[in-house]
Amino acid sequence: MSRNIFRVLGIDLGTTWCCVAAIDHDNGDAAVEIALQGNRTTPSFIVFTNEKILVGEQAMAAAAFDDKSAANTVFDIKRVIGRRFSDPSSDSSASATRRTPSTLAEDIKLLLYSIVNRDDYPVIQVEYRGEKKEYTPQECSAFLLRKFKIGMCEYYGGPLLGAVVTVPVYFTEAQRGATKGACILAGLNMLQMINELTAAAIAHGLATRCTRLRSRRWHIRCLLDAHSE
């Protein structure tokens, strides 16, 4: 496969902020962060209005300046995705701060939007276009992922081959499956799912290797320059 059509999206799907990366084919196939909506990090916010669904920066701005939008703002979706009300206490992103395990019902208390129990699964209730609607956490996460997909297709100038997504190491198989389901809903082909700590280690290793290569090339260049003199 030609590298020119190796269009892959890297996604750090964070609880509060997201970050996306692409392959820079014009710069040695290096991974580069892409600024969506003007910033390299995108708020993990979705706002349901009377007209449309806003995500990212637009959603956070709407929630900050419009009380009605604030009541229909979905955030921290990673706290509930793939979980059930009957699940035992787990080390979720919320409980990691408190250093104690928590149940889904306990984590929901930290959220401002309405979440109801539907057959043991959390369902989010919002008002959209004047009507009360219900969405699963996967559907809400897909709104964000779809935005990333559109932005990266514009960056590459063509369709994506797929996406690599990071998840917390404490994610259960159900949470990982739900994250993959969100990618499917967004029309993304998940090539790989990597633990966040593993991704950080890989990035550190690649950065160290690139630094060493640049240092080695510099020494070689100095030797060649000295020899030419």
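See the structure shown above.
What comes next concerns the included structure. (Residues numbered from 1 in each chain as written. Predicted model: local features only at pLDDT ≥ 70, side-chain atom pairs only at ≥ 80, totals over all residues. Heavy atoms only, no water.)

**Some details on the sheet that holds strand E8 (residues 114-118)**
To keep things clear, this is the line we draw: Note on pairing: DSSP must find at least two bridges between two strands before they are called paired. Only DSSP runs of H or I covering at least 4 residues are called helices, and only runs of E covering at least 2 are called strands; the numbering of each starts at the N terminus. Axes, fitted as lines to C-alpha atoms, cover a helix only where it is in contact. Angles between the N-to-C directions of the axes lie from 0 to 180 degrees. Residues count as neighbours in contact if any of their non-hydrogen atoms are within 4.5 Å of one another.
What the three strands build is an open sheet, ordered E8-E9-E10; its pairing is antiparallel. In the strand order of this sheet, the two ends are held by E8 and strand E10 (131-135), each with one partner. Each strand axis lies, on average, 35° off the axis of its neighbour in the sheet, ignoring direction. By the bridge criterion, five bridges tie strand E9 (residues 121-128) to E10 in an arrangement that is antiparallel. Following the sheet pairing, Gln125 is matched in E10 by Glu134. On the sheet, helix H5 (residues 137-156) packs against E9 and E10 and is oriented at approximately 95° with respect to E10.

**So, the packing of aromatic side chains**
To keep things clear, this is the line we draw: The aromatic pairing rule takes the rings of Phe, Tyr and Trp, using the six-membered ring of Trp, and pairs them if the centres are within 6.5 Å, calling planes under 30 degrees apart stacked, those over 60 edge-to-face and the rest tilted. When a residue's accessible area, from a 1.4 Å probe over protein chains only, is under 20% of the maximum for its type it is buried; when over 50% it is exposed; and in between it is partly exposed.
Taken as a whole, this structure holds eight aromatic pairs when the rule is applied. Between the aromatic rings of Phe48 and Tyr128, the centroid separation amounts to 5.9 Å while the plane-to-plane angle is 70°, which identifies the pairing as edge-to-face. Here Tyr128 lies in strand E9 and Phe48 lies in strand E5 (residues 46-48), a separation of 80 residues in the sequence. Assigned by exposure class, Phe48 and Tyr128 land together as buried. On the basis of an interplanar angle of 75° and a centroid distance of 5.7 Å, the ring pair of Tyr135 and Phe143 is categorised as edge-to-face. Judged by relative accessible area, Tyr135 falls into the buried class, the value being 13%. Linked through ring pairs, Phe48, Tyr128, Tyr135 and Phe143 together constitute an aromatic cluster.

**Observations regarding a nonpolar patch on the surface**
Our working rule: Patches in this entry comprise residues that are over 30% relatively accessible and not in a salt bridge; like charges within 9 Å are linked, as are nonpolar side chains (Val, Leu, Ile, Met, Phe, Trp, Tyr) within 5 Å. Only the protein chains shown count as cover for residues, and the accessible areas themselves come from Shrake-Rupley with a 1.4 Å probe. Think of a salt bridge as a Lys or Arg side-chain nitrogen and an Asp or Glu carboxyl oxygen that are within 4 Å of each other.
Judged by side-chain polarity, Phe6, Leu161 and Leu191 come together as a nonpolar surface patch covering roughly 220 Å² of accessible area. Looking at the secondary structure, you find Phe6 in the segment before strand E1 (8-13).

**Some thoughts on the pattern of salt bridges**
Taken as a whole and judged by the stated rule, the model has seven salt bridges. Glu33 is the partner of Arg40 in a salt bridge, and the nearest nitrogen-oxygen pair spans 3.7 Å. Overall, the relative accessible area of 43% leaves Glu33 in the partly exposed class. Measuring nitrogen to oxygen at the nearest pair gives 2.6 Å for the salt bridge that ties Asp107 to Arg83. With Asp107 in helix H4 (residues 104-108) and Arg83 in the loop between strand E7 (73-74) and helix H3 (93-98), the pair connects residues that are 24 residues apart, well separated along the chain. As far as burial versus exposure is concerned, Asp107 and Arg83 are alike and both buried.

**Topic: helix H1 (residues 57-65)**
Note: α-helices contain 3.6 residues per turn, so residues at a spacing of three or four share the same orientation. This is how it is decided: As used here, the arc is the angular range of directions from the helix axis to the C-beta atoms.
Among all positions in H1, only Ala59, Ala62 and Ala63 are buried. Around the axis of H1, the buried residues are gathered within 100° of arc, so they sit on the same side. Opposite its buried face, H1 presents the exposed residues Ala64 and Phe65, each directed more than 90 degrees away.

So yeah, pure geometry; function would need other evidence.
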